[in-house]
Amino acid sequence: MKISGAINSVKNNFTKYIAKGVGAGALGLVAYDSHVIGKLQSDVYAKSGDADACMNAYSNTQYLTSPSMTTSKVKNALFNWEVESNVRHFVNSAIGYFAGFGSMLVDNVVPFGLGLGALLGKGKFSKGSAIGLGIYSVVKIIKDGFGFGHYNDLNRKY
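The shown structure was predicted, so the numbers you read here are calculated from the model rather than taken from an experiment.

Enquirer: Explanation requested: the overall build of the protein chain in the structure shown.
Expert: Counting its regular elements, the protein chain contains six helices and zero strands. For the protein chain, the α and β elements follow one another from N to C terminus as α-α-α-α-α-α. The C-alpha extent of the protein chain, read off along each of the three principal axes, is 90 × 60 × 20 Å. In the protein chain, 70% of the contacts between residues at least 6 apart in sequence involve partners at least 24 apart. In the protein chain, the 16 positive side-chain charges and the 9 negative ones have mean positions that sit 19 Å from each other.

Enquirer: What is the right way to read the packing of helix α5 (residues 109-120) against helix α6 (residues 124-145) from this model?
Expert: Packed helices, taken two at a time, are described by the angle between their axes plus the distance between the axes. As a packed pair, α5 and α6 sit with axes 7 Å apart at the nearest point and diverge in direction by 150°. Taken together, the axis directions place α5 and α6 in an arrangement best described as roughly antiparallel. Pair α5 / α6 crosses with left-handed handedness. Of the residues in α6, those touching α5 at V110, P111, L114, G115, G117 and A118 are F125, S126, S129, A130, G132, L133 and Y136. Among the residues forming the contact of α5 with α6, the class breakdown is eight nonpolar, five polar and no charged.

Enquirer: Quick question: what am I supposed to make of the pattern of salt bridges here?
Expert: A side chain with one charge can pair with a side chain of the opposite charge if their charged atoms come near. Using the criterion set out here, one finds three salt bridges in the structure. In this structure, the salt-bridge partner of D43 is K47, at a minimum N-O distance of 3.7 Å. With D43 and K47 both in helix α2 (residues 14-61) and four residues apart, this pair spans about one turn of that helix. Notably, a salt bridge pairs D144 with K140, separated by 2.9 Å at the nearest N-O pair. Of the two residues, D144 and K140 are both situated in helix α6; the distance of four residues between them amounts to about one turn of the helix.

Enquirer: How should I be thinking about a nonpolar patch on the surface in this particular structure?
Expert: A surface patch of nonpolar side chains, amounting to about 500 Å² of accessible area, comprises Y45, V87, F90, V91 and I95. With four residues, the single largest contributor to the nonpolar patch is helix α4 (residues 87-107). Structurally, the position occupied by F90 is in helix α4. Residue classification places F90 among the exposed positions, given a relative accessible area of 65%.

Enquirer: Whenever I open this one, α6 confuses me. Can you help?
Expert: Think of an α-helix as 3.6 residues a turn; residues three or four steps apart then line up on the same face. Taking 1.5 Å of rise per residue, 22 residues should cover 32 Å, and α6 covers 30 Å from first to last C-alpha, within 8% of that figure. Taken residue by residue, α6 has S126, S129, A130 and L133 as its buried positions. The buried side chains of α6 occupy one side of the element, clustering within an arc of 100° when seen end-on. For α6, the exposed residues set more than 90 degrees away from the buried face come down to K124, I131 and I135. Packed against the buried residues of α6 are α2 and α5.

Criteria and cut-off values
- Residues numbered from 1 in each chain as written.
- Predicted model: local features only at pLDDT ≥ 70, side-chain atom pairs only at ≥ 80, totals over all residues.
- Heavy atoms only, no water.
- Helix = DSSP H or I, 4+ residues; strand = E, 2+ residues; numbered from the N terminus.
- Contact = heavy atoms within 4.5 Å.
- Lys, Arg positive; Asp, Glu negative; His and termini not counted.
- Charge placed at Lys NZ, Arg CZ, Asp CG, Glu CD.
- Axes fitted to C-alpha atoms, helices over the stretch in contact; angles between N-to-C directions.
- Parallel < 35°, antiparallel > 145°, perpendicular 65-115°, else oblique.
- Left-handed = near helix turned anticlockwise from the far one by under 90°.
- Nonpolar A, V, L, I, M, F, W, Y, C, P; charged D, E, K, R; others polar.
- Salt bridge = Lys/Arg side-chain N within 4 Å of Asp/Glu carboxyl O.
- Patch = residues over 30% accessible without salt bridge, like charges linked within 9 Å, V, L, I, M, F, W, Y side chains within 5 Å.
- Areas by Shrake-Rupley, 256 points an atom, 1.4 Å probe, with all protein chains shown as cover.
- Buried < 20%, exposed > 50% of the residue type's maximum accessible area, 1.4 Å probe, protein only.
- Expected span 1.5 Å × (residues − 1).
- Arc of directions from axis to C-beta.

Okay, here's the thing in structure tokens:
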């Protein structure tokens, strides 16, 4: 009796579970894309920050306001410390990751919002968000996957 009641409950709420699954899948895909772009942006931001800092430190060692061996040695020591320090890389890596992650969340705000609505919504709102997410994904596949609706400078017809 209990098993048949559970089966009937699943049958009666099947569309609800489908909507929740679609919402969870959409949020997972948005999170995956955001994570990958975050990792890429992390590396770019950290390395460009390191390069800028090393260039500024090297530029500082190239001149003296007055001839002094002590000042020259201090500047060289500061340059060596700057080149060998990896604290800046660690901090810039975290800044770059969150910047890339956030920019991708902003870029994917429509599927994120619809996925959140499908997952956390109730009743018709959840089902409507899932239907909207399905329509959005079909349009996205047609537009970006097949390339319809985009002006392409590289492959002009004439």
